[in-house]
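Structure assessment
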Amino acid sequence: MTRLAKPLVLIVVGMLIAMPLIAATYEAMVVTSTPGFCGYCHEIKPAVDAWRASAHVNNQRGLVANCMDCHLPPPENTINFFAMKTYHGLKDVTFHVLDGAERYDKEEARQGMYKSLDNETCLRCHENILFMPKSRGAMLAHRSVVNPRPGAQPHKCIDCHYDLVHTPKQMVEYAQLRTLPYQAKGLRTLPTAGGGL
């Protein structure tokens, strides 16, 4: 073999090994990022059912925000996305196996998510919230969150929209059939580490 042939053979063999591994990893990420997969664990199933009844699935535009859209960094941030997906997957499986569904505290999980959720996550999909000509109050409220005045207390989208997604509902509320549009419940501050509301 010539000096050049050996590195070329190693590169080809490396590619033949790497390509199926990369494809399998990608396919695993796609499959495990679906709401159906998340709902396999019976402690998460109520959250998936509530999501199905929310405006993140049933809305007039027909858009769907899946679990990973809110619970993980954007896939474009590949390294952070894979790291957080791996971390959360291992954490959830470990909790499921070691502690079981009976020790899963839904309210604690909800509050933890609310604390970790930032406005940028919401604004990835809700990008035109500053122009709402039919709802001046909502438009002004959104402006105060997206562009707060200097010295003003910062707020999160979730401070007002805390009931939008994972709130138990008796039946699916189809946005197309509602007589009144969705309205946020109003500003609410989340519990701090030291106590109540």
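Cut-offs and rules
Residues numbered from 1 in each chain as written. Predicted model: local features only at pLDDT ≥ 70, side-chain atom pairs only at ≥ 80, totals over all residues. Heavy atoms only, no water. Helix = DSSP H or I, 4+ residues; strand = E, 2+ residues; numbered from the N terminus. Buried < 20%, exposed > 50% of the residue type's maximum accessible area, 1.4 Å probe, protein only. Contact = heavy atoms within 4.5 Å. Areas by Shrake-Rupley, 256 points an atom, 1.4 Å probe, with all protein chains shown as cover. pLDDT = per-residue confidence, 0-100. Salt bridge = Lys/Arg side-chain N within 4 Å of Asp/Glu carboxyl O. Core = buried A, V, L, I, M, F, W, Y, C linked by side-chain atoms within 4.5 Å. Polar contact = N/O pair within 3.5 Å; in protein donor to acceptor, adjacent residues only side chain to side chain.

**Some details on the overall build of the protein chain**
- A tally of regular secondary structure across the protein chain gives 9 helices and 0 strands.
- Scanning the protein chain from its N terminus toward the C terminus, one meets helices and strands in the order α-α-α-α-α-α-α-α-α.
- In the protein chain, which comprises 197 residues, the share counted as buried stands at 20%.
- A separation of at least 24 residues holds for 60% of the contacts in the protein chain among residues at least 6 apart in sequence.
- Here the protein chain displays about 14400 Å² of accessible surface, and carbon together with sulfur accounts for 64% of that area.

**Thoughts on the confidence of the model for the protein chain**
- Across the protein chain, the average pLDDT comes to 81, with 86% of residues at or above 70.
- In the model of the protein chain, helix α6 (residues 106-116) stands out as the element of lowest mean pLDDT, 84, in contrast to helix α7 (residues 119-123), which has the highest, 90.
- Contacts of residues 192-197 to residues separated by more than four positions or lying in other chains number 4 contacts, the stretch itself having pLDDT below 50.

**Notes on the pattern of salt bridges**
- Counted under the stated rule, the structure contains 5 salt bridges.
- Linking Asp-49 and Lys-45 is a salt bridge whose minimum nitrogen-to-oxygen distance equals 3.3 Å. Residue Asp-49 and its partner Lys-45 are located together in helix α3 (residues 45-52), separated by 4 residues, close to a single helical turn.
- A salt bridge links Asp-92 to Lys-91, with the shortest nitrogen-to-oxygen separation between them at 3.1 Å.
- On the basis of relative accessibility, which here comes to 39%, the residue Asp-92 falls in the partly exposed class.

**Describing the nonpolar core**
- Counting 6 residues, the largest nonpolar core consists of Met-113, Tyr-114, Leu-117, Cys-122, Cys-157 and Ile-158.
- Elements with a minimum of two residues in this core: α6 and α9 (157-160).
- In this view, Leu-117 contacts Cys-70, Cys-122, Lys-156 and Ile-158; residues no more than four positions away in its chain are not counted.

**Observations concerning the environment of Arg-110**
- Along the chain, the position of Arg-110 falls in helix α6.
- Between the C-alpha atoms of Arg-110 and His-166, which are 56 residues apart in sequence, the distance is 8.3 Å.
- Leaving out residues up to four positions away in the same chain, Arg-110 has contacts with Tyr-162, His-166, Thr-167 and Pro-168.
- Polar contacts involving the side chain of Arg-110 include one to the main-chain carbonyl oxygen of His-166, which spans 2.3 Å.

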